[in-house]
Every structure is written in structure tokens, then in C-alpha cells.
Amino acid sequence: GEEKVEEGPVDLELVLEVIEAEGLAAADRGGTSDPFCVAKFGGKDYKTATKKKTLSPTWSELFVVPLGRPLALSDDAVQSAAAALELLKKGSRPPEPPPGVSLKVQVWDH
């Protein structure tokens with residue numbers, strides 16, 4: 001039989017990978033920390049495992065964030081997102097996201 005291909009918009013997902021952090025401030029008496037990372041997106045928190053006694057944790061954790069069905073995006077919105085991604089790759093802070101879109105990432109000591 002033939003496989004039916006669904007036409008029209010499909011549910012989208014954002015795959016968020018938390019890789020590592022470097023040069024964190026020591027928060028424990030021994031000069032280390034027990035850091036974890038929390039990414040906030042769409043009103044939900046995505047928390048990594050806590051890494052013990054380190055100032056340069058490596059997580060390499062993936063989170064799949066459901067986005068739902070896409071709205072029609074203008075060329076300007078797509079170009080703006082691409083420009084922000086390039087700034088992040090170069091280590092610069094991108095401009096503020098458009099209203100209604102936010103991703104906040106914080107690294108904490110447990």
C-alpha cells in the first residue's frame with residue numbers, strides 16, 4: 001500500500017541542547033559549585049542534572065519543547081531569527097525577541 005503524506009501545517013518542536021558552562025563562580029567552601037541549568041520557555045522550566053563539585057560542567061542534555069502548529073511567518077521574522085542565531089554563534093547577545101517569544105537560560109548552584 002501507499003503511505004499517506006499529511007498535507008498542511010504540522011506540529012513543530014524546538015530541540016534545545018544544553019551543552020556546557022565555563023568559568024562559573026565558586027559557591028561552595030571547597031572552591032567549587034554544584035551547578036545545574038534551567039531553561040525557561042513558554043512558561044515551562046527545563047532543568048538539567050546537577051553536576052557535583054565543578055566550575056566547568058558539561059551536560060550535553062537535550063530537551064524537546066513542543067511548539068504546536070506554526071503561524072505564517074513573514075520573511076522579516078525569519079530573517080530576524082537567522083540574524084539572532086548568527087550573533088549567538090559569534091558570542092554576542094542577540095536583540096530582544098519579538099513580543100510573545102522568550103527563552104531564558106540560567107545556571108544555578110544547587
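Look up a bit, the structure's there.
Residues numbered from 1 in each chain as written. Predicted model: local features only at pLDDT ≥ 70, side-chain atom pairs only at ≥ 80, totals over all residues. Heavy atoms only, no water.

### Some thoughts on the overall build of the protein
Phase 1 of the analysis: Of regular secondary structure, the protein possesses 1 helix and 5 strands.
Phase 2 of the analysis: The order of α-helices and β-strands along the protein, N terminus first, is β-β-β-β-α-β.
Phase 3 of the analysis: Relative to its 110 residues, the protein shows a buried fraction of 17%.
Phase 4 of the analysis: Looking at the protein alone, contacts between residues at least 24 apart form 60% of all its contacts between residues at least 6 apart.
Phase 5 of the analysis: For the protein, the exposed area adds up to about 8700 Å²; of that, 55% sits on carbon and sulfur atoms. (Helix = DSSP H or I, 4+ residues; strand = E, 2+ residues; numbered from the N terminus. Buried < 20%, exposed > 50% of the residue type's maximum accessible area, 1.4 Å probe, protein only. Contact = heavy atoms within 4.5 Å. Areas by Shrake-Rupley, 256 points an atom, 1.4 Å probe, with all protein chains shown as cover.)

### Let's talk about the pairing of strand β3 (residues 44-47)
Phase 1 of the analysis: Bridging between strand β2 (residues 35-41) and β3 involves 4 bridges; their strand directions are antiparallel. In the sheet register, K40 faces β3, and the bridge partner there is D45. (Pairing = 2+ DSSP bridges.)

### Thoughts on the pattern of salt bridges
Phase 1 of the analysis: Scanning the model with the defined rule gives 1 salt bridge in all.
Phase 2 of the analysis: Among the salt bridges present, the one from K40 reaches D45, with a minimum N-O distance of 3.4 Å.
Phase 3 of the analysis: Given the relative accessible area of 31%, K40 is considered partly exposed. (Salt bridge = Lys/Arg side-chain N within 4 Å of Asp/Glu carboxyl O.)

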